[in-house]
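Tertiary structure, described
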Amino acid sequence: MATEPDKTAEQSKRIFSTEDARQLASRRQPRLIFDFVEGAAGREFAAAQNIRKFEDVMLQPKVMEDVAHRTLLKPFLGKKYDLPFGIAPMGMCNLSWPNADYHLAQAAKHHNIPVCLSSAASSSIEEMWQWAGKNAWFQLYAGQSVEQSLSLIERAGRAGYETVILTADVPQVSRRVRDLRNGFHMPFRMTPKLLLDFVLHPYWSLATLFNGAPEPKNFKTANGTTQFDRSASRASADWKFLERLRAEWPGNLVVKGVTSPADAVRIQQAGVDAVYVSNHGGRQLDSVPAAIDILPQIRTAVGPDYPLIFDSGIRNGEDIVKALARGADFVMIGRPVLYALGADGARGLNTLLSIFAEEVSLTLAQLGLSDVADVDAEVLVCPDDTNTSDAPVATHFNKKLMR
């Protein structure tokens, strides 16, 4: 059980919450990089809703229960993890801080949680397995060709990976205004504006210069060039491809980016081991519903025992408990870990993960629970309401908070 920050890993003295990490990262990183991490599609309405809708989910405390000893151990997909959350797949993490993927792997091993390497990562499939071992998962974008996609899966299998996540909600990378405004390209196209941005953030710039500019390593060719087009269509991740992938991949298979109950049922029927409920952190469609609102509907559709993973909008340990209560079996964390790395490197990452673990444990204590496995809809103030924003009790609480 982690009820206080882990003292065995070096800690940041400046981070006490995700917002602390976010503010520090915004000052330390060039605007181009911070906006790449934080930015979303369109007006960024969906990204904001992902966070705000957690405020509408109310938990019911219980008193006088014996909660002196609490466990956060979580069996999932054939493994036993020390915490009910892991690190979500994110492309080009090394942009947030040099060697970010390595630090994520080390943190995953230290806390015994999964870390998922993206196809578009700035570290290779083989490197992540070397660093994280059985804590590593692999995320696949079905990109330029089916053959190329399956070759990545073959590499993952040879390396030792047991869990593959197919991301299905990016048929085409969306239009992200912050990136367009900042002139974000990989590799960087040096302009006077970008040069000034780097000069004004010397700590990040010098560290990145010393370690080398990140690039998507999983698409390297024999002659050293990179065959990766970030703007290329990824629409080959269709139902036919899923059928072939299921037939060829013997390990755990997860489909990520699901917000439709009908899609979730069809994926379940295709023999996939888990559905990953996510709206990509609002980075794909600005009008998509908040993921936390969709989660109970998908839980109802697939039944009580089918494994569900969740991300989008998680900002603290209490949010993790809320997601578990609304139907998730496991939770993944995205932007907060990149904020923490951008704020204070490995120290920031270890601190934030320890804070999340402490907050989950403290929330269990308030709910009168001693085991995170016991979290279910009964801890919700409105367990039968799939949209708590309309619930009278939630409205009452919000009004009190606004006074």
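Coordinates for the structure precede this section.
First things first, this report covers the structure right here in the doc. Since we're looking at a predicted model, the values are computed, not measured. (Residues numbered from 1 in each chain as written. Predicted model: local features only at pLDDT ≥ 70, side-chain atom pairs only at ≥ 80, totals over all residues. Heavy atoms only, no water.)

Considerations on the environment of Y141
Using the following cut-off: Only DSSP runs of H or I reaching four residues or more are called helices, and only runs of E reaching two or more are called strands; each is numbered from the N terminus. Accessibility here uses a 1.4 Å probe with only protein chains present; expressed as a share of the type maximum, an area under 20% marks a residue as buried, one over 50% as exposed, and anything in between as partly exposed.
As for its position among the elements, Y141 is in the loop between β5 (136–140) and α6 (146–159). Its relative accessible area of 15% is what places Y141 among the buried residues. With 29 residues separating them along the chain, Y141 and V170 place their C-alpha atoms 8.2 Å apart.

Focus: the nonpolar core
What tends to happen in soluble globular proteins is that the nonpolar side chains get buried as a cluster. Rules: Take the buried Ala, Val, Leu, Ile, Met, Phe, Trp, Tyr and Cys residues and link them wherever side-chain atoms come within 4.5 Å; each set so joined is a nonpolar core. Any pair of residues with heavy atoms lying within 4.5 Å of one another is described as a contacting pair.
Grouped together as the largest cluster of nonpolar side chains are 103 residues, with contacts concentrated most on F85, F138, Y161 and F310. The element best represented in this core is helix α14 (residues 335–367), accounting for 15 residues. Not counting residues up to four positions away in its chain, the partners in contact with F310 are F54, Y276, V277, A291, I292, L295, A323, A328, F330, V331 and M332. In terms of nonpolar packing, the next biggest core, distinct from the first, is built from 13 residues, F76, A88, V254 and Y276 among them.

Observations regarding the pattern of salt bridges
Note the threshold: Salt bridges, as used here, are contacts in which a Lys or Arg side-chain nitrogen is within 4 Å of a carboxyl oxygen on Asp or Glu.
Evaluated as defined, the whole model comprises 18 salt bridges. One salt bridge in this structure joins R22 and E19, with 3.3 Å as the shortest N-O distance. Within this pair, R22 and its partner E19 are both found in helix α1 (residues 18–28), separated by three residues, close to a single helical turn. Among the residues examined, E19 registers a relative accessible area of 40% and is labelled partly exposed. Residues participating in the shared-partner salt-bridge network are E19, R22, R31, D35, E38, E44 and R178.

Focus on the pairing of strand β4 (residues 115–118)
Formally: For two strands to be treated as a pair, DSSP must find at least two bridges joining them. With the strands pointing away from the viewer, any crossover whose connection runs clockwise from the first strand over the helix to the second is right-handed.
Of the two faces of β4, the one carrying V115 and L117 and the one carrying C116 and S118 are both buried. Sheet analysis places β4 next to β5, joined by four bridges and oriented parallel. Bridge assignment links C116 to a residue of β5, and that residue is W137. The parallel pair β4 and β5 is bridged by helix α5 (residues 125–132), and the resulting crossover is right-handed.

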